[in-house]
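Summary of the model geometry
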Amino acid sequence: EPPDPNYPFILTTGRLYGHWHTQTRTGRIDKIRKMHPEPFIEIHPRDAAALGIIDNQWLEVRSRRGKTKFPAKVTKAISPGTVFVPMHWGKLWADDAEANNLTHSEACPDSLQPELKACAVQLVPIPVETSVQNYQLLSSQW
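Procedures and definitions
Residues numbered from 1 in each chain as written. Predicted model: local features only at pLDDT ≥ 70, side-chain atom pairs only at ≥ 80, totals over all residues. Heavy atoms only, no water. Helix = DSSP H or I, 4+ residues; strand = E, 2+ residues; numbered from the N terminus. Buried < 20%, exposed > 50% of the residue type's maximum accessible area, 1.4 Å probe, protein only. Areas by Shrake-Rupley, 256 points an atom, 1.4 Å probe, with all protein chains shown as cover. Pairing = 2+ DSSP bridges. Axes fitted to C-alpha atoms, helices over the stretch in contact; angles between N-to-C directions. Contact = heavy atoms within 4.5 Å. Salt bridge = Lys/Arg side-chain N within 4 Å of Asp/Glu carboxyl O. Polar contact = N/O pair within 3.5 Å; in protein donor to acceptor, adjacent residues only side chain to side chain. Phe/Tyr/Trp six-rings, centres within 6.5 Å; stacked < 30°, edge-to-face > 60°. Lys NZ or Arg CZ within 6 Å of the ring centre and 35° of its normal.

1. Re the overall build of the protein chain
- Within the protein chain one finds three helices and six strands.
- Counting helices and strands in the order they occur from the N terminus, the protein chain gives β-α-β-α-β-β-β-β-α.
- Here the protein chain holds 142 residues, and the buried ones make up 45% of them.
- Surface accessibility of the protein chain: about 7800 Å² in total, with carbon and sulfur atoms responsible for 54%.

2. Considerations on the sheet that holds strand E1 (residues 9-14)
- Judged by pairing direction, the barrel is mixed, and its six strands sit side by side in the order E1-E5-E2-E4-E3-E6 before closing back on the first. Averaged over all neighbouring strand pairs, the angle between strand axes comes to 45°, with direction disregarded.
- Bridging between E1 and strand E5 (residues 82-86) involves five bridges; their strand directions are parallel. Looking at E5, one finds that Ile-10 is bridged to Thr-82.

3. Points about the environment of Pro-71
- Looking at where Pro-71 falls in the secondary structure, it is placed in strand E4 (residues 67-74).
- Owing to a relative accessible area of 3%, Pro-71 belongs among the buried residues under this scheme.
- Along the backbone, Pro-71 and Glu-38 are 33 residues apart, and their C-alpha atoms lie at a distance of 8.9 Å.
- Setting aside anything within four residues of it in sequence, one finds Pro-71 in contact with Glu-38, Pro-39, Phe-40, Ile-41, Asn-56, Gln-57 and Trp-58.

4. Structural notes on the pattern of salt bridges
- For the structure on display, the rule yields four salt bridges.
- Connected through shared salt-bridge partners, Glu-1, Asp-4, Arg-64 and Arg-65 make up one network.

5. Looking at the side chain of Ser-63
- Inspection of the secondary structure puts Ser-63 in the loop between strand E3 (58-62) and E4.
- Engagement of the side chain of Ser-63 in a polar contact is seen with the backbone nitrogen of Arg-65, the distance being 3.0 Å.
- Within the structure, Ser-63 has its side chain in polar contact with the backbone oxygen of Leu-102 (distance 2.7 Å).
- If we skip the residues at most four places from it in the chain, Ser-63 touches Tyr-7, Leu-102, Cys-119, Ala-120 and Val-121.

6. With respect to the pairing of E3
- Most of E3 is tucked away: four of the five residues are buried.
- Here five bridges tie E3 to E4, and the two strands are oriented antiparallel to one another. Across the sheet, residue Val-61 finds its bridge partner in E4, namely Thr-68.
- In textbook terms, the turn of a hairpin is the stretch between consecutive antiparallel strands, and for E3 and E4 this stretch comprises four residues.
- Looking at chain direction, E3 and strand E6 (residues 118-125) are connected through four bridges and run antiparallel. Its bridge partner being in E6, Arg-62 is matched across the sheet by Gln-122.

7. Side note on the packing of aromatic side chains
- The full count for this structure, using the stated rule, is zero aromatic pairs.
- Here Lys-73 stacks its cationic end above the ring of Phe-40, 4.7 Å away from the centre of that ring.

8. A look at the side chain of Thr-13
- Relative to the assigned elements, Thr-13 resides in strand E1.
- Leaving out residues up to four positions away in the same chain, Thr-13 has contacts with Phe-84, Val-85, Ala-99, Thr-103 and Lys-117.

Structure representation (structure tokens):
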């Protein structure tokens, strides 16, 4: 699924270091939770600047299959044109924080993980005031 004018970014998903059980077990270990306490979407500084996105600002991420929301983590660790979302939180964090909602529905019959962990997406910045309210509400639930 190549990017196009409507979905100009490539979303990749996967595990973070230390989260070997997608938080079904590791989410209960304080030391690991402190490493990555909340969901996020990594975006390159060049892409963030082009869209007017600042660190921790919430983004609505839309694909051809669905949409979800994550706070931005602006970092040079990701290539321009690509964004990354860890697949660990899902409904543990919020109803709409599931990276798998964006990717194809085909899954491995054994692990139930999505077969294709990449897809084309568009990013819609959520106003900073709303981002702060979303963060406070969701982090209080966690």
